[in-house]
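Structural overview for review
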Amino acid sequence: MSLDLSPFARAVQRLREGWARYQLDTTDTQIRDGLVQRFEFTFELAHKMLKRHLEASAADPAEFDAADFQYLIRSANEQGLLRSAWPQWRLYREMLSRTSHAYDESVALQVVAGIPDFLAEAEHLLAALQVRHPAP
C-alpha cells in the first residue's frame, strides 16, 4: 500500500519555515502563535501518518486500529521510524494538550521551546516513511 506523505511533508516544511521566521524576532507574538499552530497540525499529521504506516505494514491491521498512542510509538521505535522513545513523545503529546485547552502565554513559550526537538523528530519520521513509501 502506498502512503501519501505529501500533507505531512508540507506540514514539516511549514513548521521549519515558521521556526526560521520566529528566530528572526522571538518577541513577535503573532509569529509565535502561528508557530504553535503549525506545531499542532504537524504533530497531528505525524500521528496519523505513523498510524497509517503501522496499519499498512502489519499482518493484522486491527492491532493498530484500536491501539493507544503509547503502543503506536513503541511499535514505531521497534521498526526504527523514530529518533526518540516514548518518554520524549509523551512530552510532545503533553505540549499539544496544553495548547488546545486555553491560551496562556507562558504555555506558548514552553511549547515553542520544545519545537526544535519535535521538528527534528518529525523530519526523521518523514524521511523514514519516505524510504518505506516512495512517491510514485
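Residues numbered from 1 in each chain as written. Predicted model: local features only at pLDDT ≥ 70, side-chain atom pairs only at ≥ 80, totals over all residues. Heavy atoms only, no water.

1. Here we look at the packing of helix 2 (residues 29-57) against helix 4 (residues 69-78)
Our working rule: Angles run from 0 to 180 degrees between N-to-C directions of axes, and those axes are lines fitted to C-alpha atoms, restricted for helices to the stretch in contact. Secondary structure elements are taken from DSSP: a helix is a run of H or I of four residues or more, a strand is a run of E of two residues or more, and numbering for both begins at the N terminus. Note that the term roughly parallel is reserved for angles under 35 degrees, roughly antiparallel for angles over 145, roughly perpendicular for angles of 65 to 115, and oblique for everything else. Put simply, a crossing is left-handed when the front helix is turned counterclockwise from the back one by less than a right angle, and right-handed when it is turned clockwise. Throughout, a residue-residue contact means that at least one pair of heavy atoms, one from each residue, lies within 4.5 Å. Residues were grouped as follows: Ala, Val, Leu, Ile, Met, Phe, Trp, Tyr, Cys and Pro as nonpolar; Asp, Glu, Lys and Arg as charged; and all remaining residues, including Gly, as polar.
It is the contact of helix 2 with helix 4, at a shortest axis distance of 10 Å, that shows an interaxial angle of 65°. One element, helix 2, and the other, helix 4, form an angle in the roughly perpendicular class. Pair helix 2 / helix 4 crosses with left-handed handedness. Between helix 2 and helix 4, the contacting residues are Phe43, His47, Leu50, Lys51 and Leu54 on the first element and Phe69, Leu72, Ile73, Ser75 and Ala76 on the second. Residues belonging to the contact of helix 2 with helix 4 are distributed by class as follows: seven nonpolar, two polar and one charged.

2. What about the confidence of the model for the protein?
The following threshold applies: The pLDDT score gives, residue by residue, the confidence of the prediction method on a 0 to 100 scale.
The predicted model of the protein has a mean per-residue pLDDT of 93, with 97% of residues at 70 or higher. Considering each helix and strand of the protein separately, the mean pLDDT is smallest for helix 3 (residues 62-65), with a value of 88, and largest for helix 1 (residues 6-24), with 98.

3. Re the nonpolar core
How we decide: Put simply, a nonpolar core is a bunch of buried Ala, Val, Leu, Ile, Met, Phe, Trp, Tyr and Cys residues held in one set by side-chain atoms that sit within 4.5 Å of each other. For each residue, the accessible area found with a 1.4 Å probe, counting protein chains only, is set against the maximum for its type, and the residue is called buried under 20%, exposed over 50%, and partly exposed in between.
Within the largest apolar cluster, 43 residues are counted, with the highest numbers of intra-cluster contacts made by Phe8, Phe39, Phe43, Leu81, Trp89, Phe118 and Leu125. Breaking this core down by element, the ones donating at least two residues are helix 1, helix 2, helix 4, helix 5 (86-101) and helix 6 (105-132). Those residues within four positions of Phe43 in sequence are excluded, and the remaining contacts are Phe69, Trp89, Tyr92, Arg93, Leu96 and Phe118.

4. Re the packing of aromatic side chains
Given two aromatic rings, one states the distance between the centres and the angle between the planes to describe the pair. Which entries qualify depends on this criterion: Aromatic rings from Phe, Tyr and Trp, taking only the six-membered ring of Trp, are treated as a pair when their centres fall within 6.5 Å; an angle between ring planes under 30 degrees marks them as stacked, one over 60 as edge-to-face, and anything in between as tilted.
By the definition in use, this model includes twelve aromatic pairs. Consider the rings of Trp89 and Phe118, whose centres lie 6.1 Å apart with planes at 75°: the pair is edge-to-face. Linking Trp89 in helix 5 with Phe118 in helix 6, this pair joins segments that are 29 residues apart in sequence. The class for Phe118 is buried, based on a relative accessible area of 0%. Members of the aromatic cluster, each reached through a chain of ring pairs, are Phe39, Phe43, Phe69, Trp86, Trp89, Tyr92 and Phe118.

5. Concerning the environment of Tyr103
By secondary structure assignment, the location of Tyr103 is in the loop between helix 5 and helix 6. Expressed as a C-alpha distance, the spacing of Tyr103 and Phe41, which sit 62 residues apart in the sequence, is 16 Å. Those residues in contact with Tyr103 that sit more than four places away from it in its chain are Arg32, Asp33 and Ala108.

6. Points about the side chain of Thr99
Put simply, the rule is: Counting of polar contacts relies on pairs of N or O atoms within 3.5 Å, with two restrictions inside protein: one atom must be capable of donating a hydrogen and the other of accepting it, and residues adjacent in sequence are counted only when both atoms are side-chain atoms.
Considering the arrangement of structural elements, one finds Thr99 in helix 5. The exposure class assigned to Thr99 is buried, which follows from its relative accessible area of 17%. Reaching out from Thr99, the side chain makes a polar contact with the side chain of Glu40 at a distance of 2.6 Å. A distance of 2.8 Å separates a polar side-chain atom of Thr99 from the backbone oxygen of Leu96.

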